[in-house]
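Coordinate analysis (summary)
Spelled out from the first residue to the last, the chains are:
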Amino acid sequence: LAGPGRVYIVGAGPGDPELITVKGLRLLRSADAVVYDRLVPGELLGEAKRGARLVYAGKAPGRHAMSQDEINRLLEGLAREGLVVVRLHGGDPLTFGRGEEECAYLLSRGIPCEVVPGIPSYVAASAEHLLPLGSRGYSRVYTVATGTLAGGTPLPRERLEAAMRASDSLVVLMAASRAAEILGLAAETLGPQAPAAIVESASTPKSKLTLGPAGELAATAKPRPPALIYIGGAVRWRLDTLPTGRS
Ligand code: SAH
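This one's a predicted model, so the numbers in the text were calculated from it and none came from an experiment.

1. Some remarks on the packing of aromatic side chains
One pass over the structure, following the stated rule, counts one aromatic pair. Over the aromatic face of Tyr105 sits the side chain of Arg109, whose NZ or CZ is 3.7 Å from the ring centroid.

Quick look at the structure:
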């Protein structure tokens, strides 16, 4: 290795630029190069030092700026130039972010790499809209699932159904395009009155909560990504507890 090159895989948090860790912000401010995702809060890029190289490596559904392989090699190349690199992920790098693949690739080539966690979107959405995933009497077991697998194929319905049955609460990421199907499955599996919610653009000025029985939401909801689908106890807590729970 030429110089002190290394890569920090950093979680930027879900949208609100204040929801990055102190450590993540310190590293971002000191990095020579920043490779960032589509869902990284724009304000945070302004924290990079003057002259830092900023590289977009976003992956919009079906429109990838770079393949994962290209991203891995880019990170390796920058580190081999002796640069301190921050690879900035939306939310948490190891929550459906493939940060672990990037880190494994770099470590296997002798490049120092460290992961700095971030607040995942569903943790921020739960806080913002009071949808408690771990809640006494309401949500003792919760599951966080991806609705979409590599290559854009859907997580099989059987997996979602099993998760619904086994969990008090289920949150599904990367599911905006099949929201009606997943909410319909919840209505079939848990009954049409099963409490459900959709959170779009959590922790941003555009944040939007839609509540309703799964059967109704299945018919009406057309979420704009990025969005999360909640089913079960976390939503029931809100309905039972807050005076405005239903609005
Ligand atoms: N690493 C990210 C997840 C990446 S997968 C994390 O920790 O949250 C991308 C998915 O995350 C989106 O399809 C959406 O389901 C979810 N997501 C990311 N940011 C979001 C936000 N601000 N509001 C709602 N959902 C979000």
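Next comes the rest of the description.
2. Some thoughts on the sheet that holds strand S3 (residues 53-56)
Spatial ordering of the open sheet is given by S3-S2-S6-S1-S7, a layout of five strands whose pairing is parallel. Since the sheet does not close on itself, it has two edges, and those belong to S3 and strand S7 (113-116), each with one partner. Between one strand axis and the next, the sheet turns by 20 degrees as a mean value, whatever way the strands run. Here four bridges tie strand S2 (residues 33-36) to S3, and the two strands are oriented parallel to one another. For Tyr36, the partnering residue across the bridge sits in S3 and is Tyr56. Contacting strand S1 (6-11), strand S6 (84-89) and S7, helix H4 (residues 99-108) crosses the sheet at an angle of about 160 degrees to S7.

3. Thoughts on the site of the ligand
Around the ligand lies a shell of 17 residues, among which Asp92, Thr95, Ser121, Ala202 and Ala227 are the nearest. In the model, a nitrogen atom of the ligand is placed 2.8 Å from a nitrogen or oxygen of the Thr95 main chain. Relative to its unbound accessible surface of 540 Å², the ligand loses 90% to contact with the protein.

4. A word on the environment of Met164
Here Met164 is to be found in helix H6 (residues 157-166). Given a relative accessible area of 3%, Met164 falls into the buried group. The spatial distance from the C-alpha of Met164 to the C-alpha of Thr143 is 8.3 Å, given a sequence separation of 21 residues. Among all residues touching Met164, those that are not within four sequence positions of it are Leu170, Ile182, Leu185, Ala186, Thr189, Leu190 and Ile231.

Scoring rules and cut-offs
Residues numbered from 1 in each chain as written. Predicted model: local features only at pLDDT ≥ 70, side-chain atom pairs only at ≥ 80, totals over all residues. Heavy atoms only, no water. Phe/Tyr/Trp six-rings, centres within 6.5 Å; stacked < 30°, edge-to-face > 60°. Lys NZ or Arg CZ within 6 Å of the ring centre and 35° of its normal. Pairing = 2+ DSSP bridges. Helix = DSSP H or I, 4+ residues; strand = E, 2+ residues; numbered from the N terminus. Axes fitted to C-alpha atoms, helices over the stretch in contact; angles between N-to-C directions. Contact = heavy atoms within 4.5 Å. Near = heavy atom within 4 Å. Polar contact = N/O pair within 3.5 Å; in protein donor to acceptor, adjacent residues only side chain to side chain. Areas by Shrake-Rupley, 256 points an atom, 1.4 Å probe, with all protein chains shown as cover. Buried < 20%, exposed > 50% of the residue type's maximum accessible area, 1.4 Å probe, protein only.

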